[in-house]
Amino acid sequence: MGQPRPLALFGGTFDPVHLGHLSVAWEASELLDAEVRLMPASVPPHRPAPLATPVQRVAMLQAALERQSRLSLDTRELDRSGASYTYDTLRELRAEQGTRPLVLLIGADAFAGLPSWHRWRELFDVAHIGVLSRPGVEARVPEALEREVAPRRVSEPSALHGVPAGKVIELAVTPLEISATRIRELLAEGRDPRYLLPCGLFDDPALLAPYRAAGQSS
Ligand code: ATP
């Protein structure tokens, strides 16, 4: 039997999911030859609560992921109650997946903030980390993080195959300067960011309604 393809997890609030997320997740899947799952976070420990509810964010992700099979959805953090720490989620996945390589995909901005995450040093015991280049963000890696990461860095995706966890790889994905913050602003202003979002989000007016309503109430 051959080695299993790595399983990569791309977590975020996805408030809403946009073409920046989808494009980097897609390219990461190609570069790593990995299954990629988008994993919406319930109560993000690091940031204010999302504007859309978990049910609304899942509906947007489902609409965004139609008609392709490279990217899929994993709602385990929403199905759990309370805060969802990435470390706990990866431990759960490790128990399910045996020695299959796991890769945590994170944007360069989120990676720079890793030392504030719960049990961040132990993340490397359960998964590899794939850092996605992201334009327009100041992402200086703090010294403590660089010390931890330097001996773990690899440049070839094949170095992740056959090894369950512990490496760090920079993935040079096509830079797209899109953020959910900007999209929420545009929708609140009554604008129509048609080509920053997957077209499925425009099929049902209810999907983007929470962001349009936020503009009317302020
Ligand atoms: P917000 O503007 O609300 O902070 P966001 O657009 O950064 O949202 P998140 O859901 O917070 O989206 O991000 C989830 C993950 O996706 C993070 O690791 C983030 O770094 C990454 N990410 C988001 N947008 C991009 C992008 N355009 N290019 C690369 N990575 C991205």
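Each chain carries its own residue numbering, running from 1 in the direction its sequence is written. Local features in this predicted model are restricted to residues whose pLDDT is 70 or higher, and side-chain atom pairs enter the listing and the counts only when it is 80 or higher, whereas totals over whole chains, interfaces and linings include all residues. Derived side-chain values reflect all non-hydrogen atoms in the structure, with water molecules and hydrogen atoms excluded from consideration.

Colleague: If you had to explain the packing of aromatic side chains to someone new, which residues and values would you point to?
Modeller: Working definition: a ring pair exists when centres of Phe, Tyr or Trp rings (six-membered ring for Trp) sit within 6.5 Å. Plane angles under 30 degrees give stacked, over 60 give edge-to-face, the rest tilted. Throughout the structure, instances matching the rule amount to one aromatic pair. Ring centres 5.9 Å apart and planes at 75° place the aromatic pair phenylalanine 10 and phenylalanine 14 in the edge-to-face group. This pair shows no difference in class: phenylalanine 10 is buried, exactly as phenylalanine 14 is. Positioned above the aromatic ring of tryptophan 26, the side-chain terminus of arginine 70 is 5.2 Å from the ring centre. Its guanidinium or amino end placed over the ring of phenylalanine 202, arginine 194 lies 4.3 Å from that ring's centre, counting from NZ or CZ. Relative accessibility under 20% of the residue-type maximum defines a buried residue, over 50% an exposed one, and the middle range a partly exposed one, all with a 1.4 Å probe and only protein chains included. In our convention, an over-ring charge means Lys NZ or Arg CZ found within 6 Å of a ring centre and within 35 degrees of that ring's normal.

Colleague: So what about the packing of helix H2 (residues 54-64) against helix H9 (residues 205-217)? Which residues, and what values?
Modeller: All axes are obtained by fitting lines to C-alpha atoms, using only the stretch in contact for helices, and the reported angles, taken between N-to-C directions, cover 0 to 180 degrees. Helix and strand definitions follow DSSP, with helices as H or I runs of at least four residues and strands as E runs of at least two, each counted in order from the N terminus. With their axes 9 Å apart at the nearest point, H2 and H9 run at an angle of 130° to one another. Compared by their axis directions, H2 and H9 come out oblique. In this structure, H2 crosses over H9, and the sense of that crossing is left-handed. Contacts between H2 and H9 involve Gln56, Ala59, Met60 and Ala63 from the first element and Leu207, Leu208, Pro210 and Tyr211 from the second. Three classes are used: nonpolar for Ala, Val, Leu, Ile, Met, Phe, Trp, Tyr, Cys and Pro, charged for Asp, Glu, Lys and Arg, and polar for all others, with Gly counted as polar. Here the residues of the contact of H2 with H9 are counted per class, giving seven nonpolar, one polar and no charged. Geometric relationships in this document are graded by angle, where less than 35 degrees denotes roughly parallel, more than 145 denotes roughly antiparallel, 65 to 115 denotes roughly perpendicular, and other angles denote oblique. Two helices cross in a left-handed way if the nearer one is turned anticlockwise from the farther one by less than a right angle. They cross in a right-handed way if the turn is clockwise. Residues count as neighbours in contact if any of their non-hydrogen atoms are within 4.5 Å of one another.

Colleague: Describe the pattern of salt bridges, with residues and values.
Modeller: Should a side-chain nitrogen of Lys or Arg be within 4 Å of a carboxyl oxygen of Asp or Glu, the pair is scored as a salt bridge. Taken as a whole and assessed by the stated rule, the structure comprises 21 salt bridges. A salt bridge links glutamate 35 to arginine 37; the nearest nitrogen and oxygen atoms lie 3.0 Å apart. By relative accessible area, glutamate 35 is classed as partly exposed at 22%. Measuring nitrogen to oxygen at the nearest pair gives 3.2 Å for the salt bridge that ties glutamate 148 to arginine 121. Of this pair, glutamate 148 sits in helix H7 (residues 143-149) while arginine 121 sits in the loop between helix H5 (108-112) and helix H6 (123-126), and the two are 27 residues apart along the sequence. Residues joined by salt bridges that share partners form a network here, namely Glu35, Arg37, Asp74, Arg76, Arg80, Glu92, Glu96 and Arg100.

Colleague: Outline the nonpolar core, supporting the account with residue identities and numerical values.
Modeller: By nonpolar core we mean a set of buried residues, namely Ala, Val, Leu, Ile, Met, Phe, Trp, Tyr and Cys, connected to one another through side-chain atoms within 4.5 Å. Counting residues in each nonpolar core, the largest one holds 35 residues, and the members touching the most others are Val17, Leu38 and Leu105. Where this core is concerned, the elements lending two or more residues are strand S1 (7-12), helix H1 (19-32), strand S2 (35-40), H2, strand S4 (102-107), strand S7 (168-171), helix H8 (180-188) and H9. Per element, the largest residue contribution to this core is five residues, and it comes from H1. For leucine 38, the contacting residues outside a window of four places in its chain are Phe10, Phe14, Val17, Leu22, Ala25, Leu61, Leu65, Leu71, Ser72, Leu73 and Asp74. Grouped together as the second largest cluster of nonpolar side chains are 23 residues, Leu9, Leu102, Leu123 and Val131 included.

Colleague: So what about the packing of H8 against H9? Which residues, and what values?
Modeller: The N-to-C vectors of H8 and H9 enclose an angle of 65°; their axes lie 7 Å apart at closest approach. The hand of the H8/H9 crossing is right-handed. Facing H8, whose interface residues are Arg184, Leu187 and Ala188, H9 presents Leu208, Tyr211, Arg212 and Gly215. Per-class residue counts for the contact of H8 with H9 are four nonpolar, one polar and two charged.

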